Amino acid sequence: MDVKIESSWKAILQDEFTQPYFSDLVAFVKQEYRTHTCLPKGGEIFNAFNTTPFDKVKVVILGQDPYPTPGHAHGLCFSVQDHVKPFPASLNNIFKELQDDLGIPVPETGNLTRWAEQGVFLLNTVLTVRAYKPRSHAGKGWERFTSAAIRKISDLKENVVFLLWGGDAKKKISLIDNTKHLILTSGHPSPLSANKGYWFGNRHFSKTNAYLVARGIDPVQW
C-alpha cells in the first residue's frame, strides 16, 4: 500500500503500513471521503508529517481531531488556513497564553505552518473527520497509528518537549520516556477548560524554549 508521506516518516513507520488495522483504516477513510464531506483535503491528511520530517522534530503538540468546519483544517493540529477569521476559540486561547507568556502579539494568521517548519510536530491523534461531526473518525485506527509515531519519537530521539494539553493528550504519557524528554501537561485551551483556570498561566512556551536552549537546541520562534 503506497501512503504519500515524507520519506523519513515512511521509513520509520513502515511496519504500521503493513498491519491489518491500517488497511482497514485506509478502506474506511476512502469510503468516508467518497460518500461525505471530510476534512482535511486528502492531500493534507499527513501534513504534520510532511511539514516536520522526523529528524527535525524537537517539540510535539498533540491535538484531538481536525476542525470539523470546512475550510479550517489543513492537517496541523490547532492550525487553520490563512483566511480563517475569527480564530477558533482554542487557537485564540493559545495565542492569548503566548502573549501573556512571551509578549508575542496575536498574529494576523492562525496558520501554524511557521511552527511546524521549525520542528514543532503538530499532530492530531485522529487525522480525519466528517464535516460538522467532531470525533466521527475516532476509534477507527488513527489513534494506534499516531501512538506509534509518538513512541518512535520517544524511542529514537532525545530532548524533545511534549506538550500534552487536555485529557486525551495526557493519555499518551505512557508512550513517552520522561528520563530523556520533557513532558509538560495542562488543561486543554478550549474555553471549557481554559475558563476554569486549567490553561492560562501554564507558560509552556517559555518553558519549552528554556529547556531547548539549555541543551544547545535552537528555541522556537513562536
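That block above? That's the structure.
Asker: Hey, could you run me through the environment of S193 in this one?
Answerer: With respect to the helices, strands and loops of the structure, S193 is situated in helix α9 (residues 191-194). For the pair S193 and F78, spaced 115 residues apart in sequence, the C-alpha to C-alpha distance is 15 Å. Those residues in contact with S193 that lie beyond four places of it in its chain are G187, H188, Y198 and W199.

Asker: Would you mind going over the sheet that holds strand β6 (residues 182-186) with me for this structure?
Answerer: Sheet strands associate in pairs through backbone hydrogen bonding, adopting either a parallel or an antiparallel arrangement. The strand order across the open sheet formed by four strands is β3-β2-β5-β6, and the pairing between neighbours is parallel. With one partner strand each, in any of the chains shown, β3 (120-124) and β6 form the two edges of the open sheet. Strand-to-strand twist in this sheet, taken as the mean axis angle between neighbours without regard to direction, amounts to 20°. Taken together, the five bridges between strand β2 (residues 59-63) and β3 define a ladder with parallel strand orientation. Its bridge partner lying in β3, G63 is registered against N124.

Asker: Is there a simple way to explain the packing of helix α3 (residues 20-35) against helix α7 (residues 142-156) in this structure?
Answerer: Two measures define how a pair of helices packs: the angle their axes make with one another and the distance between the axes. Interaxial distance between α3 and α7 falls to 9 Å at its minimum, and their mutual angle equals 125°. One element, α3, and the other, α7, form an angle in the oblique class. When you trace α3 past α7, the crossing you get is left-handed. Note on element contacts: α7 touches α3 through W142, R144 and F145, opposite Y21, F22, L25 and V29. Taken together, the residues of the contact of α3 with α7 break down into six nonpolar, no polar and one charged.

Asker: Mind showing me how you'd approach the environment of P40 here?
Answerer: By the element assignment, P40 lies in the loop between β1 (38-39) and α4 (47-51). Considering only alpha carbons, one finds P40 and H72, 32 residues apart in sequence, at a separation of 8.1 Å. With residues near it in sequence (within four places) discarded, P40 still touches Y33, I45, P66, A73, H74, G75, L127 and T128.

Asker: Can you walk me through the packing of helix α5 (residues 89-102) against helix α10 (residues 204-214) in this structure?
Answerer: α10 packs onto α5 with a crossing angle of 60° between their chain directions and a minimal axis gap of 8 Å. It follows that α5 is oblique to α10 by the angle criterion. Counting all contacts with α5, which are made through I94, E97, L98, D101 and L102, the residues of α10 involved are H204, F205 and S206. Here the contact of α5 with α10 is built from residues that sort into four nonpolar, two polar and two charged.

Asker: Help me understand unusual backbone geometry, please; the structure alone is not making it clear to me.
Answerer: Note on backbone geometry: most residues besides glycine have negative phi, and most peptide bonds are trans. The linkage connecting L39 with the following residue, P40, adopts the cis geometry, with an omega of -5°. Omega for the peptide link from K85 to P86 comes to -10°, which places this bond in the cis form. With respect to the element layout, P86 can be found in the loop between β2 and α5. Positive phi is not limited to glycine here, since Y132 has a value of about 65°. Within the fold, Y132 resides in the loop between β4 (129-130) and α7. For Y132, a relative accessible area of 61% translates into the label exposed. At R203, a residue that is not glycine, the phi angle is positive and equals roughly 55°. Of the residues examined, R203 reaches a relative accessible area of 39% and is grouped as partly exposed.

Conventions adopted
Residues numbered from 1 in each chain as written. Predicted model: local features only at pLDDT ≥ 70, side-chain atom pairs only at ≥ 80, totals over all residues. Heavy atoms only, no water. Helix = DSSP H or I, 4+ residues; strand = E, 2+ residues; numbered from the N terminus. Contact = heavy atoms within 4.5 Å. Pairing = 2+ DSSP bridges. Axes fitted to C-alpha atoms, helices over the stretch in contact; angles between N-to-C directions. Parallel < 35°, antiparallel > 145°, perpendicular 65-115°, else oblique. Left-handed = near helix turned anticlockwise from the far one by under 90°. Nonpolar A, V, L, I, M, F, W, Y, C, P; charged D, E, K, R; others polar. Buried < 20%, exposed > 50% of the residue type's maximum accessible area, 1.4 Å probe, protein only.

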